[in-house]
Amino acid sequence: MHRTDKLDGIFSGGGSLGIAHIGALRAVREHGFWFARVAGTSAGSMIAALVAAGYQSAELEWLTAPSDTTIDRPDSLPSSVKKPIDLSSLLDYPESSSDISPTIMRKTYLWKAIKLNAVDELLNRKLTGLPTRDKLVDDLTNRIIAISFGRLDHFRDRIKAVMNTALHFYPDDTPAIGSFVPITLEQLREDIADAAWKAFTDTVRDYRLFVNWTFEGGFFKGQVLYKTIKALLEAKVWESRGLPVRSVQFKDLPLELGIISANTFHVADSKHMQVLTKLTAGNMEVALAVRDSMSVPLFFEPRKYSRRGKTFEIMDGGIVSNFPFWLFTGGHGGYLHPSADDNARPKIGFILNQDLDAPFDWGCPEPKWHMPGSREGLSPRNLEALAENPEFTFLSLGGPFGEFIAIERVLRVIEVWLASELTLTTTWRLSVKATYPYYEVHIPLKGYHGLDFSVNKDVKTWSGMVDRGYEATVATLLDARFIAATSRKKNPYRLQGKTK
């Protein structure tokens, strides 16, 4: 039995699999422990930031639970926090053409095609009801001669020559619309292309997703994610204490927090991992750091900003360190304010693993994707998981853009990349275990997928994920002798009456 009830917690990334961290937090709290310092990447950064702000396990459970559970809203929550987070609401695709900048619009092939082809087709359309220039000159000449009662007929050729000169702007053949447009057509072309492109883009949501993905680097804007985290942090840090509400910076947090993100801009000296803490980024807004760390490649567009003449493009921290176990185990460098208790304090890493099946003797409910008649999990394709989100209906076979095989391949590469990190750091982590009181909770999530953001719309799916987080954490607490078998609590997610 460990004498301290304070831990250092490290939370891995994993997209929507982060729901399983909620069950882990409940297991930690129910067995008498909580955190002194926390760190995380991607989805883990969101969990770590909320814990660092002061949210407790019961509050986070209610915040992430499906709306049709019977979990009561904790009275300890700030009054402004009125409803749980719908994870799918974080997928904020461009709602209209106005959400896409004119610069991006004019880079698209569709806009260029409209400008070069559609405008020309319009301007070349014949006005069949109008005469040719020869016909018009003949008609006018005859009228002039008729008015003179024929006395000017002797000057017919001269009159025609004068009229031809006067009507030089009039087309020789049947005139087209473009015949009456000023010679400079560029502005007209752009105005027509703008209007046609916006009309199409406002109508076809899937095209807006495609444009944002192609030119901004992600399907979704990331603004709802940022605003959601921002509101939750401000409510807990300021509102709950009766203080004026303002942005929450790292220096404002009750607990030490570490967040990992990656600057991927092409300038050589700007490519690096960003370790954001009170020491390295004390004045930075925490919600912005979480939004950066959760900028899943291809999913949320990376945040871009300029400073001191340099451009930065910030992406998901999983690119550089999806599981920053090293931050609290001697690899902290100049990132943290050290204290005398740091090395002795137990450290627990929570790893989301969608390739690992739950042990049969845990008795976990069957996962969302599973073998028929079995609790054994199946690993869905990335596109299959994406198609669970209403925003990705176009990815299904027969959709307007086909199956987007390129996306599937890129996401597979990212999966291999993230899985390789654990393999490559095995020796390092074993060395850390031999030096520090360091433990790992491997949460088995085979049969779920980190790109399925519908997970907290369904009680069965949500319960299965938090159940695995709880069981995996209790197993580690027992193995590490943090708790005795006789003091183990009953799994609350196995109790009856959790759903309406």
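Note that the structure is predicted; figures quoted are calculated from it, not measured.

Cut-offs and rules
Residues numbered from 1 in each chain as written. Predicted model: local features only at pLDDT ≥ 70, side-chain atom pairs only at ≥ 80, totals over all residues. Heavy atoms only, no water. Core = buried A, V, L, I, M, F, W, Y, C linked by side-chain atoms within 4.5 Å. Buried < 20%, exposed > 50% of the residue type's maximum accessible area, 1.4 Å probe, protein only. Helix = DSSP H or I, 4+ residues; strand = E, 2+ residues; numbered from the N terminus. Contact = heavy atoms within 4.5 Å. 1 Å grid on protein atoms, 1.4 Å probe; cavity = no way out; pocket = protein on both sides within 12 Å on 5 of 7 lines; lining within 4 Å. Points joined across faces, edges and corners; volume = space filled by probe spheres on them. Nonpolar A, V, L, I, M, F, W, Y, C, P; charged D, E, K, R; others polar.

Peer 1: Describe the nonpolar core, and please don't skip the residues or the numbers.
Peer 2: Core analysis: the largest hydrophobic core is formed by 94 residues, its most contacted members being F35, V51, Y55, L257, V286 and F299. Here this core takes 8 residues from helix α2 (residues 43-53), the largest share from any one element. For V286, the contacting residues outside a window of four places in its chain are A49, L233, V248, Q249, F250, L253, L257 and I259. Within the second largest apolar cluster, 15 residues are counted, among which are I10, A39, I260 and F323.

Peer 1: So what's going on with the layout of surface pockets? Which residues, and what values?
Peer 2: Quantified by volume, the largest pocket comes out at close to 730 Å³. Those elements that place two or more of their residues in the lining of the largest pocket are α13 (318-321), β9 (347-353) and α15 (405-424). In terms of residues, the lining of the largest pocket owes the most to one element, α15, which gives 10 residues. Across the lining of the largest pocket, the residue classes tally to 16 nonpolar, 13 polar and 7 charged. Approximately 350 Å³ is the volume attributed to the second largest pocket. Lining the second largest pocket are 16 residues, and of these K83, P84, I85, T228 and L232 lie nearest its centre.

Peer 1: Which residues make up the side chain of S321, and what are the values?
Peer 2: Looking at where S321 falls in the secondary structure, it is placed in helix α13. For S321, the residues in contact, after removing those within four places along its chain, are T41, I260, M273, W326 and E421.

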